[in-house]
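The residues making up each chain are set out below.
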Amino acid sequence: MSSLNKSSYFQVFFSYFPTILLFFSIFNEFDFNFLENEYFSFNFVHILIFYWTVKNPNYLGYIPIFLAGIINDVVIGIPMGISSFCYLLICSVTAYIRYITLSPNFINDWFSFLLTILLINSIQVIILDLIFFLSVDYMSYLINTGFTFLFYPLFFSIFKYLDKKIIIQQND
């Protein structure tokens, strides 16, 4: 079993795991935004991008995030570039958070995440409603923001565990 853990395939897989998970969630609509249940939706991609760009930006680059945004626009049918812009805006906010944070902790990250998704969803609503004149359901964006904020601690702990696994795999 020890030789299996030292395999370069596992090291490569673990080092690209956040990127693989990002594209998997984009292609499969894993964010639960478009289910028939109108009172439950959250955006897994926002959580994924926020966590990995705050905690360890080396595993999730800007080019894959941009391409995932373009693919997301095609999959959900909104004008091209809006998701990419929002995802890269998340990256900008997280870079600023990394720069100003002296002692990172979970509570600061969680409330920074709330402010970030409020900013992102507000910009996306403004772009879709005022520029492209698409009908936007404001309540669904509010519900999405709330559930995304509430699910962040769960995915934070899962991603923290995975981050430790990636570091262990690379140090073997």
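Preceding this section is the structure that the text describes.
Quantities reported herein were computed from a predicted structural model and do not represent experimental measurements. (Residues numbered from 1 in each chain as written. Predicted model: local features only at pLDDT ≥ 70, side-chain atom pairs only at ≥ 80, totals over all residues. Heavy atoms only, no water.)

What follows concerns the side chain of Thr145. Considering the arrangement of structural elements, one finds Thr145 in helix 8 (residues 138–171). On the basis of relative accessibility, which here comes to 6%, the residue Thr145 falls in the buried class. Among the polar contacts made by the side chain of Thr145, one reaches the side chain of Asn121 at a distance of 2.5 Å. The contact partners of Thr145, leaving out residues within four places of it in the chain, are Ile117, Leu118 and Asn121. (Helix = DSSP H or I, 4+ residues; strand = E, 2+ residues; numbered from the N terminus. Buried < 20%, exposed > 50% of the residue type's maximum accessible area, 1.4 Å probe, protein only. Polar contact = N/O pair within 3.5 Å; in protein donor to acceptor, adjacent residues only side chain to side chain. Contact = heavy atoms within 4.5 Å.)

This paragraph deals with the packing of helix 6 (residues 82–100) against helix 7 (residues 106–131). Relative to each other, helix 6 and helix 7 sit at 150°, their axes nearing to 10 Å. Put simply, helix 6 runs roughly antiparallel to helix 7. Note on packing geometry: the crossing formed by helix 6 with helix 7 is right-handed. Where helix 6 approaches helix 7, its residues Ile82, Ser83, Phe85, Cys86, Leu89, Ile90, Val93 and Ile97 are matched on the opposing element by Ser112, Thr116, Leu119, Ile120, Ile123, Gln124, Ile127 and Leu128. Across the contact of helix 6 with helix 7, the residue classes break down as 12 nonpolar, four polar and no charged. (Axes fitted to C-alpha atoms, helices over the stretch in contact; angles between N-to-C directions. Parallel < 35°, antiparallel > 145°, perpendicular 65-115°, else oblique. Left-handed = near helix turned anticlockwise from the far one by under 90°. Nonpolar A, V, L, I, M, F, W, Y, C, P; charged D, E, K, R; others polar.)

For Ile65, the position within the fold is in helix 5 (residues 62–76). As for Ile65 and Val45, which are separated by 20 residues in sequence, their C-alpha atoms are 9.8 Å apart. With near-sequence residues (within four places) excluded, Ile65 lies in contact with Leu22, Ile49, Thr53, Leu60, Tyr87, Leu88 and Cys91.

Attention now moves to a nonpolar patch on the surface. Residues Ile126, Leu130, Ile131, Phe132 and Leu134 make up a contiguous nonpolar surface patch of roughly 470 Å² in combined accessible area. In this structure, Ile126 sits in helix 7. Under the relative-accessibility criterion, Ile126 is labelled partly exposed at 46%. (Patch = residues over 30% accessible without salt bridge, like charges linked within 9 Å, V, L, I, M, F, W, Y side chains within 5 Å. Areas by Shrake-Rupley, 256 points an atom, 1.4 Å probe, with all protein chains shown as cover. Salt bridge = Lys/Arg side-chain N within 4 Å of Asp/Glu carboxyl O.)

Right, let's talk about the nonpolar core for a bit. One finds Leu22, Ile49, Trp52, Tyr152 and Phe159 to be the most contacted residues of the largest nonpolar core, which totals 44 residues. Looking at this core, the elements with two or more residues in it are helix 3 (17–27), helix 4 (44–55), helix 5, helix 6, helix 7 and helix 8. For this core, the leading source of residues is helix 4, giving nine residues. In contact with Phe159, other than residues within four places in its own chain, are Leu21, Phe44, Ile47, Leu48, Tyr51 and Trp52. (Core = buried A, V, L, I, M, F, W, Y, C linked by side-chain atoms within 4.5 Å.)

By the definition in use, this model includes one salt bridge. Here Asp109 ties to Lys55 by a salt bridge, and the two come within 2.6 Å at their closest N and O atoms. You can see Asp109 sitting in helix 7 and its partner Lys55 sitting in helix 4, a full 54 residues away along the chain. Owing to a relative accessible area of 30%, Lys55 belongs among the partly exposed residues under this scheme.

For helix 6, built from 19 residues, the straight-helix expectation of 27 Å at 1.5 Å per residue is met to within 8% by its first-to-last C-alpha distance of 27 Å. Looking at helix 6, one finds that the buried residues are Ile82, Ser83, Ser84, Cys86, Tyr87, Leu89, Ile90, Cys91, Val93, Thr94 and Ile97. (Expected span 1.5 Å × (residues − 1).)

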